Structures are given as C-alpha cells and as structure tokens.
Amino acid sequence: MSNNYWQKQNNQPSSPVSSPISQGPPPMSPFPPTSNQSHQPAQQLLPPRQQWNGSTFITRPAQMIQRLSAKRAAMRLSGQPPVDPNPLVRYRGQQPPMPPSTKPAPTRPTPWRRSRVQRITHLRRKRLERWQHNGPNQKRLGTIISSVIAGLLLIALFVGSFSSYTFYQSQLPHVQSLANLQVPQSSRIYDRNGKLLYALYDGKYGRSTPISYNEIPGFMQDAQIAAEDKTFWTNDGVDIQATLRSAIENAITHHITTGASTLTQQIVKNLTGNGQITFQRKLNEATLAVGLTQQYPKWKILEMYLNISPYGSQEQGIEAAAQDFFGLKPLCDAHFKCTPAIAFLDRDLTKCKNAGDETTCVVDPILGLARASLLAGIPQNPPTYDPLTNPNNAPLLLQRQDYVLNQMLTDGMSINLGVGARTLNASPITPQVIQQAETLAKNFTFTGFQGGNTAPHFVRWVIQSVATALGNGNYGAGLTMLEDNGLNIRTTLDSNLETYVESAINRHINLPEIQPFMGYKATTLSQSDNLHDSASVVMDAKTGEVLAMDGSVNWTDPSKAGSGQVNMAMSPRQPGSSFKPIVIAAAYEMGWYPGIVLPDYKTYFPQGASQSLPVQTSTYSPPDYGGNGHTYHNIPSNIAQAIANSYNIPALKAQGFAGRQNVYDMAVRLGITTIDPKTGLVPSMALGTNAVPLLQMVGAYQTFANQGTRIPPQNVLDIWDNYGHNLYHYDPSHPAGVSVLSPQIAYLVTSTLDNETLRFPEFQTDHVLSMWDWKLSGGGNPDVATKTGTTDSFKDNWTIGYTPDVVVGVWSGNADDTPMVNSIGVTGAAPIWHSIIEYVSGKCNTASDQIACPPLDLSFTDRHFSMPSNIIQQQVNTVNGLQGSGYTSYMLPNEKPQQAGRLACNPNAVVPCK
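The notes below deal with the structure included here. Because the structure is predicted, anything quoted here is derived from the model rather than measured.

**Quick word on the pairing of strand β9 (residues 487-491)**
The element β9 is extensively covered by neighbouring structure, given that 4 of its 5 residues are classed as buried. By the bridge criterion, 5 bridges tie β9 to strand β15 (residues 716-721) in an arrangement that is antiparallel. Its bridge partner lying in β15, Leu487 is registered against Asp721.

**Comments concerning helix α22 (residues 648-658)**
Residues that lie three or four places apart on an α-helix share one face, since the helix turns once every 3.6 residues. Counted residue by residue, α22 has 8 buried out of 11 residues, so it is predominantly covered. Within α22 the residues assigned to the buried category are Asn648, Ile649, Pro650, Ala651, Leu652, Ala654, Gln655 and Ala658. On the buried face of α22, the contacting elements are α19 (580-589), β12 (605-606), β13 (619-620), α21 (639-644) and α23 (660-669). Once α22 ends, the next one or two residues include Gly659, with phi positive near 100°.

**Let's talk about the nonpolar core**
Ranked by size, the top nonpolar core spans 86 residues in total, and within it Ile489, Phe579, Ile582, Ile672, Phe704, Tyr802 and Val807 carry the most contacts. With 8 residues, the single largest contributor to this core is helix α24 (residues 694-705). Non-local contacts of Ile582, meaning those with residues more than four positions away in its chain, are made with Val663, Met666, Ala667, Leu670, Ile672, Ala700 and Phe704. Grouped together as the second largest cluster of nonpolar side chains are 56 residues, Val268, Ala321, Ile378 and Leu405 included.

**A word on the pattern of salt bridges**
Close approach of charged atoms allows side chains with opposite charge to pair. Applying the stated rule across the entire model yields 15 salt bridges. Where Lys351 meets Asp348, a salt bridge forms, and the shortest distance between an N and an O atom there is 3.9 Å. Residue classification places Asp348 among the buried positions, given a relative accessible area of 15%. The partner of Arg573 in a salt bridge is Asp796, and the shortest N-O contact between them spans 3.0 Å. Separated by 223 residues along the polypeptide, Arg573 in the loop between β11 (546-550) and α19 and Asp796 in strand β19 (residues 796-802) bring together distant segments of the chain.

Criteria and thresholds
Residues numbered from 1 in each chain as written. Predicted model: local features only at pLDDT ≥ 70, side-chain atom pairs only at ≥ 80, totals over all residues. Heavy atoms only, no water. Buried < 20%, exposed > 50% of the residue type's maximum accessible area, 1.4 Å probe, protein only. Helix = DSSP H or I, 4+ residues; strand = E, 2+ residues; numbered from the N terminus. Pairing = 2+ DSSP bridges. Contact = heavy atoms within 4.5 Å. Core = buried A, V, L, I, M, F, W, Y, C linked by side-chain atoms within 4.5 Å. Salt bridge = Lys/Arg side-chain N within 4 Å of Asp/Glu carboxyl O.

Bear in mind that shape data such as this cannot, by itself, settle questions of function.
Below, the structure is given as structure tokens:
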C-alpha cells in the first residue's frame, strides 16, 4: 500500500468512526491474480519492516489504527458488529471472481513496496541523519583525501620535472657534441696543377663537403626554411602548434607520422641515425632540439642542417648537390682555401668571361631562385625527388618546387642575394617570378657527378699508399680515415703528360706503324705479335716525383690478356736484360770498369747440382737472343759492348765476379724489394728472372740518373683538409734522397747505357733507343741512357731509359702471361718509350708518331750527362781490358790497370793476336 494512500486516508475530514478502513480502494498487487488464488490476509503480504529498529514510516500509522480500534470498542453500541481485531487487513469475506490466467500461481507472497517518491524521501532523510551524525568526520576525511591527491599530483609533477631535467642533463654532452660531430667528408685527389682526378667518399653516406654559413646565399636559406620550418628563426627547436596538430592527426589515424619536425629536430635525427619512428624517438629528438637551440645560435643550426641533410642518393649536404645537379665547381687557391660551389648558385655558366671561372659569370637572381627552390625540396624525401637516380622523379621534383616557391610567396620573402647574415634583396617573390623560375627549372639538364676518373691506376696507387700511411700500416683503417676526413690530396701527376702517355700506348699497340728493326713492317702489334697490354711510368729523376703512370692499354678492357683494371706498372714481371745494369753496378763497385773484356763464349755456370750429373743438366749456360734463340756471339766484347747488345754470358760473368749476394744487396739498395733472398739468388738472377714491378725498376734507374742518390717514388706533394690546414708537404727542392751509390759508379753505369754506337751490332740502324731524330740548336743530340729487356718465350719486353732530368720505363706483354709472337723490347716497348721520353723532354713528334701533344708545363732542359770528378778515361787492351790500347774506358783513378796481363799470342786462337 502506497504512502500516498495512507496520507489520503489520514487527511479525510470525516471521523474515522464513520469511515471504516474496509471501504478504501483495493490495493494493487505486485503479482497478477489468478482465478484459483484468493488474496492472503494483509498482514501476510507486508514485508517485515515493522520490526526494523528506529522505523517511523510504518509503525506510527499502525499504532494510530490500534488506538482508534480500542476507542471504537469502548464506544461500541449494542447491535453493532464487533470491532475487527485486525484493522490492517484490506479485504474481508470472499474475493470477487478473477479472470482466468494462464500464469502459475506465485510461489511467494507479494511484498509491499513504497512509491518512488517515498523511497527518495526516505533516502534523503537517512542521508541527512548520517551527515548530521558524522558531519565532522566526513569533512575531515574529505580534507585528508584532497590533501593526499594534491600531494600525489605535486610528487608526480616533481618526479616528471626531475626526470625531464635528468634526461636533459644526461643528453647535454650529446647536445654539445652534435655541432662538433665529424660528419663524413669526401676526399679529393688532384694532379699537380689542381685538376680534379678523383673524388673519394664512403658510399654509405655519399659525397659531402662542409661549407660555412657565411658562404650560403640568402635565397638558399629562405627556400630551405620555407620548405621545412617556417618558424625556424623564432621557435625554440620545436614547433608546438605543428606538434599538436600532428598529434591530433596521429590520434585519429592511429599512425605515427614524420611531420611537424623542425629543422633542428631533423638535424638530431640525421646525426643520431635513428630512423625508427616511435614516440620515444620523437620525444628524444624534441628534447635534444631544444638543447641545441639553447646551446647554439640559429645560424649555426642552419649551417649544420645544410651540411648534413641528404639532397640525393649520394649527395650529403647542399654543396655536393650544387656540384652534382648543376655542374658548379668550387674555386680554390693554391692552399685549397675554396669558395664553395653553392656560392655560385645564381651564376649562369653559359655567360662567363673566363670559362671555368664562376666569378666571371653573369648573376641571374631568377636562376638562383629556381636552383635553390629545387634543392630545398629534396630533403623531405630524397628517393622520391632525386632526378639523378631516376629521371622519372623530375616531374615530382617540379611539383615540390612549386610548393616551396608558393611557401616563400606566402611568407613574403624576397630574392636575397646576400650570403650568410647579409641581406641584399634583388626583387620580391611574386607569382610572375615563380612562373619564370619554374620555366627555367623545366629546362634544367642535371649534370650528375663529375668526380672524374683520370689516371685510374695512378689514383688507386695514391689511395693505397696514403691509406696505408694513415693507418700506420693498416690499409683498412687508413682507408676509412681517407674516405671520411675530407682530405685534398695534390699529387705529382701531370694530367697533360698522362694523357699523352695513354695516347702513345694505345697508338703503338693498336695502330699500324713502321719498325726499322723488324724490316719496316707496318701492322698492329695486337694483331701480328699477340701483344695486348702495356704500362708506363714517368719519373722526375731529381725529385722522385711520378709524373705519369698508365697501367694498361684500356681501363675498360675486360679480356684476360688486356685486363684493363690490373695495374701492370705495379705488377711484378720478369725484367729480363733490363736488370743487367744492376749487375754491372755491383761489379763496378768491386773494381771493374766498362772496358773489362768479357768474351761471349758458351760458358757453363754451376747451379749447385751434383757433379755426377751431365754438365748440360747440372750447369747453366743461356744463349743470347738470335734467330733460333740459341746464339753465342763468340767475340771478345767488353762490358759496355755486352750490356749495350744484351749479351748474356758477360752478364753472368760480371755477377760471378761481384757475387750473387752483392748483386742482391745492390738491387735492394736501389729500391727493389720483390726478390726472395732464399730462392732468388740463382745464376739466372743476372738475366732478370726474378719478377720486379715496373715502378721499382724505374726507381732503380732513377738512382743512376741522379748520380747515385736514390729518392723513393713520390706520388703526393701536399695534403690539405677542407679548412685550409696543410697536413703534409713534399718539398721537391729538398728531396729526401739517400746516397746508395757514389756519383762515379752511377756515371760508369750511365756511360755504359748511353752509347748508340755500341748498340749497332744488335740494333743496326734502328735508333729508337736514342734521340738521333732530335737535333739540338748547338749541334748534336740529347743524351739518353737506355736498356731493353726480353724474357724467355717472349712473355715480357721492356725498355727503360733516362736523361739527366727524367726516367721513363715501359713494359709490354699480356696481363695473363701468355707469350707474344717474336716481340722483343725494341719492337714492343721501345717505340712507346721513344715517343714519351722525347715529349716529356720537350720535343713533340706529332708528324712521325701521330700522337697529339697537349701543352706541357713541365720544363726539363738538361740535355747532357755531366761527368763527376774523380773519373778518368784510360786506354785498355781489347783482350782483357787491362793495360794496353784498343779501348778507351771510364774508370776511377785508383782502378787504372798496372799491367797488361795478356796471354801469349796464339795465331790459331779465335781471338786474334794484337
């Protein structure tokens, strides 16, 4: 029964006596009645709320009814019905019939429920009582809870602040090191005149040359800022608005994007090398970016960005991009203090007063803007925008350029022609200016990397020697230093001479020519003689500078015989008779002189074999070169004659006199290091059967040309870093030479090799080993000392010779060691040698050699060998070279023969009596 019902009954104006409760409205049962169910007494339907302690909502109306019932009983009149002892029973007597129901009878009595208003009122009353009873405790508890929450918030704020500060402090050394981080820098190799031969760099990072902020055009700075970070000059390293915008976008897409990074954050990413996109990485980048901004000025940060950002697949930094994209070149002085190519971004290379000098080119602001806006768009996604790796990227790059230009327009920028912090506005950027710049860009032809590949064999020799020196013998470690440290290496090479040498080798090997020694045969050596490869080295005799080096006929030749990329100037091969001057140098030191007679008779030289073996197999007796390859001249030749005509037996006799160990020691003193002292000291050593590189053979002859002072081959004159510091210098005026022979002994060797008349028996009228075709203005011909060499089976032929100024060596053969066909030194190597030594000495034989002569800035004017003091000329006899007459020989004063020592005359002897 609802509370409203009780309130309504209690508020009736009539007396309770005249208004019995039994006449009230029937209650609403919580369970639907059934036809076979009668209502239970009302007291059974009520829940046991009357027994609740402290309840006033039900007990008070019950007590009131009981009192009314008692009064009514006392006032009962006769004849009236008795008072009902159960006044709370709602219904009496029989229930009216109920409509049939299909639902089963309830299993429990229907409880009595209050109305919603009663429940709410009850709950409010209870709450009020609790608050009144527990008010102070509740307030105290609330205060405690609030204090705890506030404390936790303060602790969390403190811990977060402390953690952030601690992280920043831990990263501070990293921040401070970023600006000083050694970014890999390309090294460059130049010839002696500053011509670029090769750019060396680590392929992982690409080409890179650092530049200073004071060298960066203003329009390049503006274009990069407009493309990547328009708030660069004002933000603290992080763009908060862009970051929040990116965070919202990330939350919507559930994907971490790379946007919203400032230039400073991109520097951190590029320098730390962390490419994984995570929230932690972005947080670290932001922290370090703020730190960078606190530690360094904005101009320094922009300089860092332009130096380390990728502008292509192999272009790290804006300087490499300016060179590779537009063909611009830095302008350097003699100390490699350079104005970078980026400074000439607005120069029109087609309109220059002096070709190759960007400072004389016309300044075009629109051209500069077009180039800068193209470059500025690339770092966002180099693989997509680099047109050098994929020409199909060009349209995408032009679209990106349009975005950059319009950003510059939106930001109200002008074409700032100043560099660094200077401002020199040419004109504002307008839609018309944008259209002009984009029109120019559509017609750009990107030049690509122009690092050069001149003199590749020489360049690789330089790399090997410098890397080994930098690594203290560890080539790998030194190569890493060379690739990453931005060295500018000025070498000894003369590019024009190198060009001539390469042309001379190609011309004499692959084009027909007349050779007097072979009976004026006009054919190509590659076809007729199976000769496909050749190498040459040109060296300054007085300084050791290698002026030219060509290691093959054709660098791109893939054949085994040609093997273009194998440097045959550095590959050990048997030098043949060109080794004989080293033998006679040892003999001269032991007291012999050129006039000593060494008959060329068949002679057997022991090899340490058992004497019980036949003499033919236990001894060594090599023939001379001849028509059948088994010739002995059987003449009483002296040393000078024997060496000039490449007789073998006299050379073996000279080695026997000097001793093999002394010959070996002489070779080592002259710079030859490839002879094995355990296996190479054999009789055939005198004939050049131990393999020696051409470069070392030329170095040995340099000692003879330089009057006994050996200077190791030099290939580097200066090494500079990218900041103008000279790290190494070779002073040609004070070469680090070592005297390994007396000038007198060296001159005795030279006089032996410098005698065209003595060569007549072997070479007849072929003057390819001399300069008889060069007539000096004062009369005569220039002096030149020469020696050829040919090995067994015609696998190698050599010609090495020198003037007082320069040494030239040539090897010809096949890289795979296959034999040639009857090709000897005077036919395979000598024609090449003759052309080169005359050209480097100052004479160009274009008419006869058919080789173009580029201008040569080298000047070698010493045409004759000078005889040192303490050298005399003495008459000796023709039988043994001792006292007598017949030959005039150079010798030392204390070697003047004191006796004839001739045998008794035998008219029947092979050698006639004199």
